[in-house]
Amino acid sequence: MKRRKFLRSTGQLGIGLAVVGCAPEISEQTDQTATSKPSGSIAICTWGFKDGNRIAGEALDAGESALDAAIKGVSHEEENIANNSVGKGGRPDREGNVTLDACVMDSNGNAGSVVYVQNITNVAALARKVMEETPHVILAGDGAEQFAYEQEFQKEELLTPESKEDYEEWLKESEYKPIINIENHDTIGMLTMDKNGDIAGACTTSGLAYKMKGRVGDSPIIGSGLYIDNEVGGAAGTGLGEEILKQVGSFLIVELMRNGMSPQKACEEAVMRTVRKAESVKDFQVCYIAMNKAGETGSYSIHQHFSRMEYRGGVNQRIESDYHIKAEES
Ligand code: SD4
């Protein structure tokens, strides 16, 4: 059902943390400021999600739109149960429920988001449905799940035996550490540029492992986990959502790019806002990726070990990100 039809039919006319990591598996490159010319189709994503990024890149090469490609790419990772921070197989909250958050933005400035969703694997695609089939931007919890079934998404058990086992292990101590340190995250934020030079993006996560019931991070919040302005570029965040939320980090990066900063410098400035404001950044990680309209890209984090995948010109590679706290090198 299209958005207008939905409006008519509903009458709404007015209106202890787990440690996971993505191993580098493709050719590596280190850069401070990637400034290649746009190849027409570019996909970048947080961390080492090489398959999802390649799938998105190949979809762009085949002429798919930026939004279609981004959703295709992140959906692959949502379905991959080996990822413990995204989609099916994600770590549960402290009550044992896997709850997912996601958002998308298209090249026309439209946005869709779902928060605290249970039993649905492809929440980025669901966020797209919210954007395209309802008059709203965000649907939460039971309402989002019910909407998913109306849109013919399947009910699935998201807690895999492996995640359940880890959760039961965590329960023994039940130590509540609501921070995301330098090792324990894998949210996928993806930015895509299609052959027309249009930019879109998606961000999807199971969030903080063993989080408080009801906790929602930055990932599904437009402007924090993801922001796209097709006139300027896009940005996505990963790391401790609470800190990204406080800076509205992805929106900040896009605005900095609008005012002339390169994607790399804008990511650095956004990270430094957190560094300057937080009492200490020793125990948590904040990371960003960005791409501008010229196809230039960048990434930066507080601590080392952040990387992005980048697909352009048919090549998918992992790029180690520069970072703030150099003392960790020793
Ligand atoms: C959150 N930012 O829920 C997410 C977690 C994350 O990689 O990025 N994990 O706070």
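Up top is the structure.
Residues numbered from 1 in each chain as written. Predicted model: local features only at pLDDT ≥ 70, side-chain atom pairs only at ≥ 80, totals over all residues. Heavy atoms only, no water.

(A) The arrangement of helix α4 (residues 123–133) in detail. Counted residue by residue, α4 has eight buried out of eleven residues, so it is predominantly covered. Every buried residue of α4 is listed here: V123, A124, A125, L126, A127, V130, M131 and E133. (Buried < 20%, exposed > 50% of the residue type's maximum accessible area, 1.4 Å probe, protein only. Helix = DSSP H or I, 4+ residues; strand = E, 2+ residues; numbered from the N terminus.)

(B) Quick peek at the sheet that holds strand β14 (residues 322–323). What the five strands build is an open sheet, ordered β8-β9-β10-β11-β14; its pairing is mixed. Whereas interior strands pair on both sides, the edge strands pair on one side only; in this sheet they are β8 (226–229) and β14. Across two bridges, strand β11 (residues 297–301) lies against β14 in parallel orientation. For Y300, the partnering residue across the bridge sits in β14 and is D322. Against the sheet, helix α8 (residues 249–258) touches β8, β9 (233–239) and β10 (286–292), its axis set at about 145° to β9. Helix α9 (residues 263–277) rests against β10, β11 and β14 of the sheet, and its axis sits at about 20° to β11. (Pairing = 2+ DSSP bridges. Contact = heavy atoms within 4.5 Å. Axes fitted to C-alpha atoms, helices over the stretch in contact; angles between N-to-C directions.)

(C) The arrangement of the packing of aromatic side chains in detail. One pass over the structure, following the stated rule, counts five aromatic pairs. For the ring pair W47 and F306, a centre distance of 4.8 Å and an interplane angle of 85° mean the geometry is edge-to-face. Within this pair, whereas W47 is found in the loop between β2 (42–46) and α2 (50–61), its partner F306 is found in the loop between β11 and β12 (307–312), the two being separated by 259 residues in sequence. By the burial criterion, W47 is buried, and F306 matches it. Centroid distance Y167 to W170: 6.1 Å. Interplanar angle 20°. Geometry classified as stacked. Residue Y167 and its partner W170 are both found in helix α6 (residues 161–173); the two are separated by three residues, about one turn of the helix. Through successive ring pairs, a cluster of aromatic residues spans Y167, W170 and Y210. (Phe/Tyr/Trp six-rings, centres within 6.5 Å; stacked < 30°, edge-to-face > 60°.)

(D) Quick look at the packing of helix α3 (residues 66–79) against α4. Following both chains from N to C, one finds α3 and α4 inclined at 145°, their axes separated by 8 Å at the closest point. Of α4, the residues touching α3 (which contributes L67, D68, I71, V74 and E78) are V123, A124, A125, R128, M131 and E132. Residue classes in the contact of α3 with α4 are distributed as seven nonpolar, no polar and four charged. (Nonpolar A, V, L, I, M, F, W, Y, C, P; charged D, E, K, R; others polar.)

(E) Representation of the pairing of strand β4 (residues 111–117). Most of β4 is tucked away, with seven of its seven residues classed as buried. The pairing of strand β3 (residues 100–105) with β4 spans five bridges and is antiparallel. Bridge assignment links L100 to a residue of β4, and that residue is V117. Adjacent in sequence and paired antiparallel, β3 and β4 are bridged by five residues, among which G109 carries a positive phi angle near 85°. Relative to strand β5 (residues 138–140), β4 runs parallel, the two being bridged by three bridges. Paired with S113 across the bridge in β5 is I138. With α4 bridging β4 and its parallel neighbour β5, the resulting β-α-β unit is left-handed. (Right-handed = clockwise from strand over helix to strand, strands pointing away.)

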